[in-house]
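Survey of secondary and tertiary structure
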Amino acid sequence: MSTAPRDRDAAGRARSARPRDGLGRPLPYGSPGVERQPEGVVRSPGDTLAEAQGLLDAGRPFHAHEVFEDAWKSGPEPERELWRGLAQLAVGLTHAARGNARGGARLLLRGADRIAEYRDPYGIDVAGLVAWARSLAARVGGETAEGATGGGVPAPVDARTEAPRLTG
């Protein structure tokens, strides 16, 4: 058990200062990591989508999830479930890329269900994202919307090549 003090931010909240890799996994202190997304940034919906898409295209879905999380926490109430669902899609891809197929599939399906009722706000291709998430969930986790599972353990996916297009 470690007796080292926990990393804290200026307000005293626990915040890990450890560097992270492109999929958000903590690295040993002193290791080179990728730049982390700043937390609590209020962006316009267009800026949120553009920044998240850039991160997805770069194979950094964990970081895209953080951008969506900011929108979820700061956006208007009627849109919070949309941004929360998009965050779940990004973190589902993160888990699938880390090799956690079952967890990734569950998050992809949860995110797809959460956004499915929206009608393409801000040009978001909701139907395309729902289809992408359900297809990837079936491939990586052997799960369908009904919860059936398949055999075998799939290899981690490449987050860059599996990244969805957010807008049509």
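This text gives an overview of the structure that appears in the document. Bear in mind that the values here come from a model prediction, so they are computed numbers and not experimental data.

Description of the packing of aromatic side chains
By the definition in use, this model includes two aromatic pairs. Ring centres 6.2 Å apart and planes at 25° place the aromatic pair Trp-83 and Tyr-122 in the stacked group. Pair noted here: Trp-83 is in helix α3 (residues 80-98) and Tyr-122 is in the loop between α4 (101-115) and α5 (126-141), with a separation of 39 residues, a long-range link. In textbook terms, an aromatic cluster arises when at least three aromatic residues are bridged by ring pairs, as seen for Phe-68, Trp-83 and Tyr-122.

Considerations on the environment of Pro-28
Looking at where Pro-28 falls in the secondary structure, it is placed in the segment before α1 (45-57). Residue class for Pro-28 comes out exposed when judged on its relative accessible area of 51%. It is 6.6 Å that separates the C-alpha atoms of Pro-28 and Arg-18, two residues lying 10 residues apart in sequence. Dropping the residues within four chain positions of it, Pro-28 is found in contact with Arg-18 and Pro-19.

A look at α4
An ideal rise of 1.5 Å per residue puts 21 Å on 15 residues; α4 measures up with 21 Å between its terminal C-alpha atoms. Looking only at α4, the buried set comprises Ala-101, Gly-103, Gly-104, Ala-105, Leu-107, Leu-108, Leu-109, Gly-111, Ala-112 and Ile-115. Residues of α4 that are buried in the fold lie against α3 and α5.

Procedures and definitions
- Residues numbered from 1 in each chain as written.
- Predicted model: local features only at pLDDT ≥ 70, side-chain atom pairs only at ≥ 80, totals over all residues.
- Heavy atoms only, no water.
- Phe/Tyr/Trp six-rings, centres within 6.5 Å; stacked < 30°, edge-to-face > 60°.
- Helix = DSSP H or I, 4+ residues; strand = E, 2+ residues; numbered from the N terminus.
- Buried < 20%, exposed > 50% of the residue type's maximum accessible area, 1.4 Å probe, protein only.
- Contact = heavy atoms within 4.5 Å.
- Expected span 1.5 Å × (residues − 1).

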